[in-house]
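# Examination of the molecular architecture
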Amino acid sequence: MALVTTGVVVLDCAEPEKLAEFYKELLEAEHVDATANRVELRSADGFRLALRRDMNATAPSWPRPENSLQAHLEFVAEDLDGVERKIVSLGGRPTESGDAAGAAEERGYADPAGHSFTVRRGVPMAPKQG
């Protein structure tokens, strides 16, 4: 029998309630737990994400090295343009995009608290360079 039965991705932020609303809408998730310092969500496919209060949290400065990215979330979608419109409407912002001449297969964003995440179409074929 496994000692660890499940995992949860946890993001630190100053206002977990606000950030939870962003991800709840983006992932069409439900609140499964909330305390004064933590909100946990679960999407229909079982993905679990928690937002934990840290009043000293600062957004990663990737690609600048002084407070660089250590991890990021990755989501899969078919309609990248539609997902981008939703992200922006919820307060997120684009941080990078693919080749402007063609359909981008992966796009980078920051949530309202500055955490990086990627939305991609299909399976990644090679590691990201840079």
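Residues numbered from 1 in each chain as written. Predicted model: local features only at pLDDT ≥ 70, side-chain atom pairs only at ≥ 80, totals over all residues. Heavy atoms only, no water.

## A few points about the sheet that holds strand 6 (residues 93-96)
- Judged by pairing direction, the sheet is mixed, and its 4 strands sit side by side in the order 5-8-7-6 without closing on themselves. With partners counted over all chains shown, the strands left at the sheet margins are strand 5 (73-76) and strand 6, one partner each. On average, each strand axis in the sheet is tilted by 35° relative to the strand beside it, whichever way the strands run.
- Pairing of strand 6 with strand 7 (residues 106-110), which is carried by 3 bridges, proceeds in the antiparallel orientation. Of the residues in strand 7, the one forming a bridge with glutamate 96 is glycine 108.
- The sheet strands contacting helix 2 (residues 80-89) are strand 6, strand 7 and strand 8 (116-120), and the helix crosses strand 7 at an angle near 5°. (Pairing = 2+ DSSP bridges. Helix = DSSP H or I, 4+ residues; strand = E, 2+ residues; numbered from the N terminus. Axes fitted to C-alpha atoms, helices over the stretch in contact; angles between N-to-C directions. Contact = heavy atoms within 4.5 Å.)

## So, the nonpolar core
- Grouped together as the largest cluster of nonpolar side chains are 22 residues, with contacts concentrated most on Tyr23, Leu26, Leu51, Ile87, Phe117 and Val119.
- Those elements that provide at least two residues to this core are strand 1 (9-13), helix 1 (16-27), strand 3 (38-42), strand 4 (48-53), strand 5, helix 2 and strand 8. (Core = buried A, V, L, I, M, F, W, Y, C linked by side-chain atoms within 4.5 Å. Buried < 20%, exposed > 50% of the residue type's maximum accessible area, 1.4 Å probe, protein only.)

## Topic: the environment of proline 112
- On the secondary structure map, proline 112 appears in the loop between strand 7 and strand 8.
- Taking the C-alpha atoms as reference points, proline 112 and arginine 93, 19 residues apart in sequence, are found 7.6 Å from one another.
- If we skip the residues at most four places from it in the chain, proline 112 touches Leu19, Phe22, Leu90, Gly91 and Gly92.

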